[in-house]
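Listed here are the chains, written in short residue letters.
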Amino acid sequence: MDRNRKHKGRRQAPSTRVRAIALLNSIFCIPAFFCGCSHEEAAIHEEQCRYSVILHTEKLSGDGGQPEDIRHTDIFMFNDDALRRLDSYQRTEGNGPVKAASRRGDKIMVIIANFPCSKEEWKHVNSYEGFMEEMSLLENETAGYPVMSAVLPVSAGSGGTCHADMERLVSEIRINSIRTDFSGREYDGEPLTDVKIYLTNVNASCKMLRGEDFRPEMIINPGFLDMNAVAGFRDPAMICREIEEDIGEDGIFPDISLYCYPSDEQEESAGSPFTRLVIEGKIRDNTYWYPITVNRGDFGISSGGDGRGIGRNSRYCYDITIRRTGTKDPDIPVCMEDVTVSCPVEPWEDKDDITIPF
C-alpha cells in the first residue's frame, strides 16, 4: 500500500508513528491475559520485563487538536517463533499508565486502540495468525475515537528502543468547499437546494492488521443511500450529512468529513464497486445526483490524487464546483464537464505525543 507519508506535496507531518521505548529486564514466566500484579506478586516476580510506549497520534478534522482520542488500548504480546502463540495481554483505559510483562524471548507486540469490545471478548485470541483475521466494522467506529493498530517486534530481555507506525483503519473524505457555476445555462443563477452529501459503495469491514489489497467484503450504501443501514451506525454522520444552506456561486465551506474503510481494488466489479462521494440536491425542484468516484479515473490523478482508490489512513480533500445538472441515478458517476474537482491526497495532522508506560 502506498501510505500517505509517501504522497508527494503533503503539507503536514508524516503519518502516525509510535515510538516504543523498551525498558527490558529479565522476566518471570507469566500466563496469558494477565491484568497486572499486586505489590506482593511484584516482589516475588522480580524478573519482570517492563515497557514504555509513546503513542504519537494525529488530530482528526474538527476535533480542536485535542490529544484525548484514545478511550482504551489493548496490547497483545505473541511469541515470535513458528507457532506465534499469545504470551500476554493487557488493557489500559484512557491515556493513563498500564503495567504489563512477557516471557523472555523475541515477541511481536500488537497494539489496538479504541476497538469497541470488552476485555472478555478478546479471550478467543491465542495466536498472531488468528489475530490477523480479526475484523473491525465501520458501523462501530466514531470519528473522534477511530480504531488504530500497530505491530512491532520486541526482544524481551535485550533492552533497546523500538519504532512502529500506528495507523487508523478509516480514511477521510473531506469537503472543503462547494460552489456552483451555471454560467451560460438556462438555470444560470439558480441555487442547489436540499443538499445531502454521503458515500456509496462503502467498504464497511476491515482486517485490523492489513496494510494493502483491501477488497470489500461488506458493502454499505450499495449504489444508493440506505438510511436503514445508516441508522444502524454508532455515528451516522460518518457517512451521511445534510447541508441546511443553499449552494450558489459564492460557495460554502461546509467543513464536512466522511469516513470509510480502504478499498483499493484496481478493477471495478459487481462485488467490488468503487466508493463514491455523492452530492444530492435540487435545481428548480428537480433532484440531481453528482457521484464522484473517489481517487479514480477522471477524479484520480488529474484531480491531484494518485488514482489508486482509497488507501488506509489517508485523507482526500475536495474543492468542488458544480457546472450543470447532474445524473438521474446516484450510482452513475459524473464527468469532469459536470463537476470540477481538486482532490489532493493529504496526511493527517499531527497531535502531541501520548505516553503509555507499561
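**A word on the side chain of Asn203**
Here is step 1 of the chain: Position of Asn203 relative to the elements: it lies in strand S12 (residues 202-203).
Here is step 2 of the chain: Side-chain polar atoms of Asn203 contact the backbone oxygen of Ser205, separated by 3.4 Å.
Here is step 3 of the chain: There is a polar contact of 2.6 Å between the side chain of Asn203 and the backbone oxygen of Pro262.

**So, the sheet that holds strand S18 (residues 286-293)**
Here is step 1 of the chain: A sheet is described by the order of its strands in space; here 4 strands give the open sequence S15-S11-S17-S18, paired in antiparallel fashion. Either end of the sheet is taken by a strand with one partner, and the two such strands are strand S15 (240-243) and S18. Sheet twist, expressed as the mean angle between neighbouring strand axes with direction ignored, is 15°.
Here is step 2 of the chain: Of the strand pairs in this sheet, strand S11 (residues 193-200) and strand S17 (residues 276-283) are connected by 6 bridges, and their pairing is antiparallel. Residue pairing in the sheet places Leu199 in a bridge with Leu277 of S17.

**As for the packing of aromatic side chains**
Here is step 1 of the chain: Summed over all chains, the structure comprises 9 aromatic pairs.
Here is step 2 of the chain: Look at Phe115 and Trp122: their rings are 5.1 Å apart centre to centre, the planes differ by 40°, and that puts the pair in the tilted class.
Here is step 3 of the chain: For Trp122, a relative accessible area of 0% gives the class buried.
Here is step 4 of the chain: Plain terms: the ring middles of Trp122 and Phe131 are 5.5 Å apart, the flat faces sit at 25° to each other, and that makes the pair stacked. Judged on exposure class, the residue Trp122 and its partner Phe131 are both buried.
Here is step 5 of the chain: Here a set of aromatic residues connected by ring pairs shows up, and it is made of Phe76, Phe78, Tyr89, Phe115, Trp122, Tyr128 and Phe131.
Here is step 6 of the chain: In this structure, Arg296 is placed above the aromatic ring of Phe274, and the distance from its NZ or CZ to the ring centre is 3.7 Å.
Here is step 7 of the chain: Lying over the aromatic face of Tyr288, Lys328 brings its terminal NZ or CZ to 4.4 Å of the ring centre.

**Overview of unusual backbone geometry**
Here is step 1 of the chain: Non-glycine residue Asn201 carries a positive phi angle of around 55°.
Here is step 2 of the chain: Given a relative accessible area of 3%, Asn201 falls into the buried group.
Here is step 3 of the chain: Positive phi values are uncommon outside glycine, yet Asn221 reaches one of about 55°.
Here is step 4 of the chain: Within the element layout of this structure, Asn221 appears in the loop between strand S14 (219-220) and helix H3 (227-231).

**Concerning the confidence of the model for the chain**
Here is step 1 of the chain: On average, residues of the chain carry a pLDDT of 78, and 69% of them reach 70 or more.
Here is step 2 of the chain: S11 holds the highest mean pLDDT among the elements of the chain, 97, whereas helix H1 (residues 39-44) holds the lowest, 32.
Here is step 3 of the chain: Contacts of residues 1-47 to residues separated by more than four positions or lying in other chains number 147 contacts, the stretch itself having pLDDT below 50.
Here is step 4 of the chain: Of the regions scoring below 50 in pLDDT, residues 350-358 engages in 58 contacts with residues more than four places distant in sequence or in other chains.

Criteria and cut-off values
- Residues numbered from 1 in each chain as written.
- Predicted model: local features only at pLDDT ≥ 70, side-chain atom pairs only at ≥ 80, totals over all residues.
- Heavy atoms only, no water.
- Helix = DSSP H or I, 4+ residues; strand = E, 2+ residues; numbered from the N terminus.
- Polar contact = N/O pair within 3.5 Å; in protein donor to acceptor, adjacent residues only side chain to side chain.
- Pairing = 2+ DSSP bridges.
- Axes fitted to C-alpha atoms, helices over the stretch in contact; angles between N-to-C directions.
- Phe/Tyr/Trp six-rings, centres within 6.5 Å; stacked < 30°, edge-to-face > 60°.
- Buried < 20%, exposed > 50% of the residue type's maximum accessible area, 1.4 Å probe, protein only.
- Lys NZ or Arg CZ within 6 Å of the ring centre and 35° of its normal.
- pLDDT = per-residue confidence, 0-100.
- Contact = heavy atoms within 4.5 Å.

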